[in-house]
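Tertiary structure, described
As a plain string of letters, each chain reads:
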Amino acid sequence: MQASRARLFKEYKEVQREKTADPDIQLVCDDSNIFKWTALIKGPSETPYEGGVFQLAFAVPEQYPLQPPQVRFLTKIFHPNVHFKTGEICLDILKNAWSPAWTLQSVCRAIIALMAHPEPDSPLNCDSGNLLRSGDVRGFQSMAKMYTRLAAMPKKG
Amino acid sequence: MEENEGRAMTCVSSDLQDSNCCPICLGPVLQESYLDKCFHKFCFNCISRWSKVVASKHHSPPSSVKCPLCKTENFSMIYGFDGSYFRRQYMNEDSGDRFTLSRAQRYRLQCYYTEPGILEDIFDITRYWKSQKYHQPNCWIQTWLKREIQALIQEEDVDIIVHHILGVTSASLSWREQKCHVLSPEKKQEEFKMAVSEAARPFLASRTSRFVYEVQLFLASGLNIEAYDAVYMQRLGWSAPGIDTQASQTELVDRNTVTSYLYIFDADCDGNE
């Protein structure tokens, strides 16, 4: 069996076994393709994303874990390091700081950490980055909160 | 940010540290390999592949690789540990350029898989000691030792080890100082065996006693290397490494496949279990 498949299968078993271990992350593998995963992550508390549930799409390369998975937000999110249209994420561990010891689960944890600690100096969403860089934290938070409500929370009534 | 990543990373590693899992394939560790600074454990194949991936991102191969778990810079990996003996590969070492044994060295290595004693009727070790032939210096011993040790530890640069073992050998044969203790041949031989074993064991591990035997055999022969090889191989029924006949070619290839690199280490491991 191909190394990437074997490793993903191990991760799959681990996810099944530890379903309740991290209530903030729910990783699901595609029914027919072990290289396609989706994750639901909860917006971290005390951030404008609190209360929202964000969907991530993972595309795992054949060379995984020697190469990082490609991850993007499917749920719209207003965050300096996430492309507003494509959901692309700017995170060093998904690029040059990748280590094969990371798992899909730990990548989710890193993304949650990124949500709580934006890096406005390397923005993919310039509007969002500029708000933070100019010191308009309130402006940033209200925009982010609005999009969380619009896109990441179940519609009421 | 950096801190958070660090935390996420250690979570993974602490989960894995308890078990015998390789952090890269998440499976049981195959061919345990350790990074030289942080001593994190990986499968040999996993960590080699990863260091190749890292190297491919640079123009020239970097001399160090960050540990996937703790980011410590490591310069080599240590593997093939069998209880007393290990191998080491440096990160910038091109595995294609690694030392490969010459045909003569392969033949020497294969001698260690034969039963000892098949040449004793030709080269009489006991008589060597009894007749005190050891007082005559052997001018081929250094070259012979170098080839032998290169074959046994499969490294090219063995000069220091050769120098060390040669020093001990000639000292215990009193080539240098001719102060003749009146020792019985048995006692003299025992002393020699002890001294050379002690010198060689850190490098040759489980092969030491056979090595000491082979040294005595070579000394007892009084032959130069070529002649010695010819006699040895004739007795074993092999053709000489110098003769490039079709038959010897295929024979060597055959033998080569049997004594592949891994097999050599498996054999060592088996011996220790």
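Residues numbered from 1 in each chain as written. Chains lettered and ligands numbered in written order. Predicted model: local features only at pLDDT ≥ 70, side-chain atom pairs only at ≥ 80, totals over all residues.

1. Here we look at the overall build of chain B
Within chain B, the regular secondary structure consists of eleven helices and six strands. Burial statistics for chain B: of 273 residues in total, 25% are counted as buried. (Helix = DSSP H or I, 4+ residues; strand = E, 2+ residues; numbered from the N terminus. Buried ≥ 20, exposed ≤ 12 C-beta atoms within 10 Å, placed from the backbone.)

2. Points about the pairing of strand 3 (residues 53-59) of chain A
Residue and element names in this part refer to chain A. Alternating residues of strand 3 divide into F54, L56 and F58, all buried, and V53, Q55, A57 and A59, none buried. Sheet analysis places strand 2 (residues 36-42) next to strand 3, joined by seven bridges and oriented antiparallel. Across the sheet, L40 pairs through a bridge with Q55, a residue of strand 3. Here strand 3 pairs with strand 4 (residues 70-73) via four bridges, running antiparallel. Residue pairing in the sheet places L56 in a bridge with F73 of strand 4. (Pairing = 2+ DSSP bridges.)

3. Here's the deal with the packing of helix 7 (residues 185-204) of chain B against helix 8 (residues 208-221) of chain B
Residue and element names in this part refer to chain B. Contact geometry for helix 7 and helix 8: axes closest at 9 Å, N-to-C directions at 130°. The angle between the axes of helix 7 and helix 8 places the two elements in the oblique class. Crossing handedness for the pair helix 7 and helix 8: right-handed. Residue-level inspection shows K193, V196, S197, A200, R201 and L204 of helix 7 in contact with helix 8, the latter providing T208, S209, F211, V212 and V215. (Axes fitted to C-alpha atoms, helices over the stretch in contact; angles between N-to-C directions. Parallel < 35°, antiparallel > 145°, perpendicular 65-115°, else oblique. Left-handed = near helix turned anticlockwise from the far one by under 90°. Contact = placed C-beta atoms within 7 Å.)

4. Some words on the UniProt feature "active site" (unreviewed entry) in chain A
Residues and elements named next belong to chain A. Those places that UniProt annotates as "active site" (unreviewed entry) correspond, in this numbering, to C90. Along the polypeptide, C90 turns up in the loop between strand 4 and helix 2 (104-116). The exposure class assigned to C90 is partly exposed, which follows from the 17 C-beta atoms found within 10 Å. Beyond its immediate chain neighbours, meaning those up to four positions away, C90 contacts N81, S122 and L124. (UniProt positions renumbered as here; feature names shortened; annotations may be inferred.)

5. Examining unusual backbone geometry
Of all residues except glycine, most have a negative phi; of all peptide bonds, most are trans. At the junction of Y64(A) and P65(A), the peptide bond is cis and its omega measures out at 5° in the coordinates. With respect to the helices and strands, P65(A) occurs in the loop between strand 3 and strand 4. Not every positive phi belongs to a glycine, and L26(B) is a case in point at roughly 65°. Along the chain, the position of L26(B) falls in the loop between helix 1 (2-18) and strand 1 (32-35). Phi at Q132(B) takes a positive value of approximately 55°, unusual for a residue other than glycine. Tracing the backbone through its elements, the reader meets Q132(B) in the loop between helix 4 (125-130) and helix 5 (141-153). The partly exposed category is assigned to Q132(B), around which 13 C-beta atoms lie within 10 Å.

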